[in-house]
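Descriptive structure summary
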Amino acid sequence: MQLALSEEQEMLRTMARDFLSDKLPKATVKEMEESEAGYSPELWKEMAGLGWMGLAFPEKYGGSGMSFLDLAILIEEMGGACLPGPYFSSVVLSGFTILDIGSEEQKAAYLPKIASGEKIFTLALTEAGASYDASGIETKASAEGDNYVISGTKLFVPDANVADYMLVVAKTDKGFTIFIVDARSAGISYTVLKTIAEDKLCEVVFDKVKVPKTNILGEPDKGWPEVEKIIQRGAAAKCSEMVGCIQKALDMTVEYAKDRKQYGRPIGSFQVIQHYCADMATDVDGTRLSAYKAAWMLSEGLPCTQEVAIAKAWAGEACQRVMALAHQIHGAIGVTIDHDLQYYTRRAKAAEVSFGDATFYREVVAREMGL
Amino acid sequence: MDFRLSEEQEKFRQEIRDFLKGEIKQGLWEPSCDAWIMGHDPEFTKRVSKKGWIGLTWPKEHGGQGRPYIDRLILTEEMLRYGAPAACHWFADRQIGGAIVHYGTDEQKKELLPMILRGEAYVGLGMSEPDAGSDLASLKTKATEDGDSYIIDGQKTWTSGGSHMNWIYLVARTDPDAPKHRGISEFFFRTDLAGINVVPIVDITGGVHFNEVFFENVRIPKTSLIGEKNKGFYQILNQLDYERSGMERLMANYPLFEALIKYTKETKRKGKPLSQDPLVRSKLAQLKIELEIGRLHMYRVAMVMDEGRAPNWESSMSKVYGTAFEQRLAGAAIEITGLYVQLSPQSKRVPIKGMAYHSYLSSKGYSLQAGSSEVLKNILALRKLELPSE
Ligand SMILES: Cc1cc2nc3c(=O)[nH]c(=O)nc-3n(C[C@H](O)[C@H](O)[C@H](O)COP(=O)(O)OP(=O)(O)OC[C@H]3O[C@@H](n4cnc5c(N)ncnc54)[C@H](O)[C@@H]3O)c2cc1C
């Protein structure tokens, strides 16, 4: 057992941190949040040029053959920098799914395009029921000749406004099926929803959208276990993003506590403030250790239902505690829209509920415990 | 990064489990909470010593096995899982042996380490005094040089295992004129000497586990001094890092957790097992989540030690976290057992052997012993986060 990162992983982290701190001052984050697309195509290209989209895909699909754990390290940095845009959707949610269950033709057709950043993918899973279990899926796909016809409404679909393709989870005859759907197909319309993290979550309506049978990803009717894997990867990667987020919030808070003076001394010299910071650091480290463990297990291909559930349940609540204390220590300045802290506060809330919150995962853990 | 234990380590864990399960099966002892500090069983300690499980991490030249701290963590984790009565050797194995390896003279090593390895040193830790708790450096117990001896006068308190101890690790003032941190030394000596009087203190559970220890004109040989005279305070800080670092800061009441899970499966309310009540499930799952996060903290600390560093802020962090977890476990057990929690362990109809009752009371001390949570958070804030002290 050892917890240190490898030299390459340290390099990856440093490179990512330098690049993002250079390219992504908070003013730029704000511009991206306010833009219609929600990301910057130039930055997207640069990230692709650095090999980030294909980081964990095999070389034969235009990737660099690194691991999910390596990807987690990169995502942690993205979390620290508040990077907006469809990276998560395209790479974590979609790319990995295609890699996992796509046919050879599908992998060869799509993965290099994801890796090069040329095409953006996303996942259309959740619906009005707002849950991550199968009972929440009502969108239907019925076979008609060589096609399936998809009808229904998906909610909280990230980045549908810029996606070229969507992985759509729909009910079929005897189960659930995942389809690769061209986002420009006739019958698809979307509305961007206003969100707390200012990310582009969309309502996407599928009105008799025709999808060729060859676009089924994996096996028809047998899609749900894969959906669970998507959620699992999404949750694990979210945890890493959250680590980046709360580490940054802690760093900012400690810096502020050292600088800010009241009663003639830095507020960081007051014991209550010190203890708040100590509590934050403990939460951050617990989140990091469990996020790494989950990512490592996914990387190694080990069964990790319980570990991912623990990491995500913990991260969700730890993030809220950390952000609450970060705000308390920052005083009023921290609740202004011009202060950087709010970027983290908003993202922490979105991340807490995405891919399952603590209540959801506590039940998973309970089952894993044999209760 | 690699979270896997080696094959040998997994085997080692299994070996410990088999050993402990075998002991329980033979009826040699029953699993209980706090057994690492309250379960004094010299015969058990002898058997553990025979297995070679004392001094696991000490260098081979001193009779240890030179194994990594992770291995010891595995050992203690299993001891705590099964609530094994390991109190006789726990302190000596955890920190005193290591301190002697580190600071002792060759003669001291030759004399003392084999005794610890044989499981014959039941050590008390003589640090706290009535007026020296968190501020240990303000201690008053004196050690005065007199020819080949030191004369000890004063009082220690809260000495865990004091009624069973045959050796004491004592921190005393050797230079009353020096600034308070710089006039303290450490001693290790037998407790059957004239002038030592041990008075048990009944703790909140009704049990006797800590004691007052009075020293009146106690003559100890000069060779009892461990390390450098007047440098004792700095030595003890380092030892405290080890004292705080262990699994006993997370799993002292682990047998309660297992028992509680079993209890919820076997106990019906409104016709259904408690374990199917969503609130109960949620509470137990949350405990499991917190336990696993705690284990990661603990393993991190062991890894720091294996890197050759004293675990400093890391063990402060893990101890604060772990002891708070243990208190939440006790709290959840109480909520789940409801009205029954009022029944004391000796009572008719007490559930889970009174573990919830015991744990609720005993866990109050967890966040005080070996450094209160407040003091440990100070350490974390000042040393890791480098916040200003004024
Ligand atoms: C079960 C148990 C076993 C023990 N076993 C032993 C043993 O074997 N040997 C031994 O020597 N001692 C032992 N102790 C004593 C233990 O080390 C002390 O309890 C501990 O050092 C705290 O001292 P105190 O109890 O005098 O509390 P105090 O130091 O008086 O503290 C009281 C409160 O004030 C807070 N406080 C104190 N200083 C500060 C500060 N600077 N900043 C913020 N808050 C502060 C504390 O956190 C605490 O909340 C044991 C204690 C317990 C409960």
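Residues numbered from 1 in each chain as written. Chains lettered and ligands numbered in written order. Predicted model: local features only at pLDDT ≥ 70, side-chain atom pairs only at ≥ 80, totals over all residues. Heavy atoms only, no water.

Considering the domain arrangement of chain A
All names here are of chain A. Test applied: Reported domain spans reflect what an automatic or database domain assignment gives. Contact criterion: two residues are considered in contact whenever any of their non-hydrogen atoms come within 4.5 Å of each other. By convention, the term buried area covers the 1.4 Å-probe accessible surface removed from two parts as they join, with the contributions of both added.
Segmenting chain A into domains produces domain 1 (7–119), domain 2 (122–222) and domain 3 (225–368). Here the C-alpha centroids of domain 1 and domain 3 sit 22 Å apart. At the interface, 23 residues of domain 1 touch 26 residues of domain 3. Taken together, both faces of the contact between domain 1 and domain 3 bury some 2,100 Å²; the carbon and sulfur share is 63%. The largest contributions to the domain 1 side of the interface with domain 3 come from K26, F68 and E76, which together make up 27% of the buried area.

Quick word on the nonpolar core
What counts here: What makes a nonpolar core is a set of buried Ala, Val, Leu, Ile, Met, Phe, Trp, Tyr and Cys residues whose side-chain atoms join them at distances within 4.5 Å. Think of it in three bands: residues with accessible area under 20% of the maximum for their type are buried, residues over 50% are exposed, and the middle band is partly exposed, with areas taken using a 1.4 Å probe on protein chains only. Elements are defined by DSSP. Helices are runs of H or I of four residues or more, strands are runs of E of two residues or more, and each kind is numbered from the N terminus.
One finds M47, L71 and Y87 of chain A together with M79, V123 and F188 of chain B to be the most contacted residues of the largest nonpolar core, which totals 215 residues. Broken down by element, the residue count for this core peaks at 18 residues, all from helix α7 (residues 224–259) of chain A. Those residues in contact with V123 of chain B, other than ones at most four positions away along the chain, are C88, F91, A92, I96, M165, W167, Y169 and F188 of chain B.

Focus: the site of the ligand
Rules: A molecule or strand has a residue near it when one of that residue's heavy atoms lies within 4 Å. Counting of polar contacts relies on pairs of N or O atoms within 3.5 Å, with two restrictions inside protein: one atom must be capable of donating a hydrogen and the other of accepting it, and residues adjacent in sequence are counted only when both atoms are side-chain atoms. Using a 1.4 Å probe, the Shrake-Rupley method yields the accessible areas, and only the shown protein chains count as cover for residues. Gly falls in the polar group here, along with every residue not listed as nonpolar (Ala, Val, Leu, Ile, Met, Phe, Trp, Tyr, Cys, Pro) or charged (Asp, Glu, Lys, Arg).
Near the ligand lie 18 residues; those nearest to it are S128, S134, W158, S160 and S372 of chain B. Taken together, the residues near the ligand originate from chains A and B. A distance of 2.8 Å separates a nitrogen atom of the ligand from a polar atom in the side chain of Q271 of chain A. S134 of chain B is positioned with one of its side-chain polar atoms (N or O) 2.6 Å from an oxygen atom of the ligand. The protein chains hide 68% of the 960 Å² of surface that the ligand would expose on its own. Those elements that place two or more of their residues in the shell around the ligand are β3 (149–160), β7 (208–221) and α13 (373–384) of chain B. The greatest single-element share of the shell around the ligand, amounting to three residues, is contributed by β3 of chain B. Residues that form the shell around the ligand fall into these classes: six nonpolar, eleven polar and one charged. Residues lining the shell around the ligand come from more than one domain, with at least three contributed by each of domain 2 (124–231) and domain 3 (245–384) of chain B.

Re the packing of aromatic side chains
Residues and elements named next belong to chain A. Our working rule: Stacked, edge-to-face and tilted labels apply to pairs of Phe, Tyr and Trp rings (six-membered ring for Trp) whose centres lie within 6.5 Å, assigned for plane angles under 30 degrees, over 60, and everything in between, in that order.
Evaluation of the coordinates by the stated rule reveals 30 aromatic pairs over all chains. Ring plane angle 75 degrees and centroid distance 5.2 Å describe the contact between F19 and W52, whose orientation is recorded as edge-to-face. Note that F19 is positioned in helix α1 (residues 7–23) and W52 in the loop between α3 (41–49) and α4 (68–81), a separation of 33 residues in sequence. In this pair, the class of F19 matches that of W52, namely buried. Taken together, the ring pairs connect F88, Y132, F355, F360 and Y361 into an aromatic cluster.

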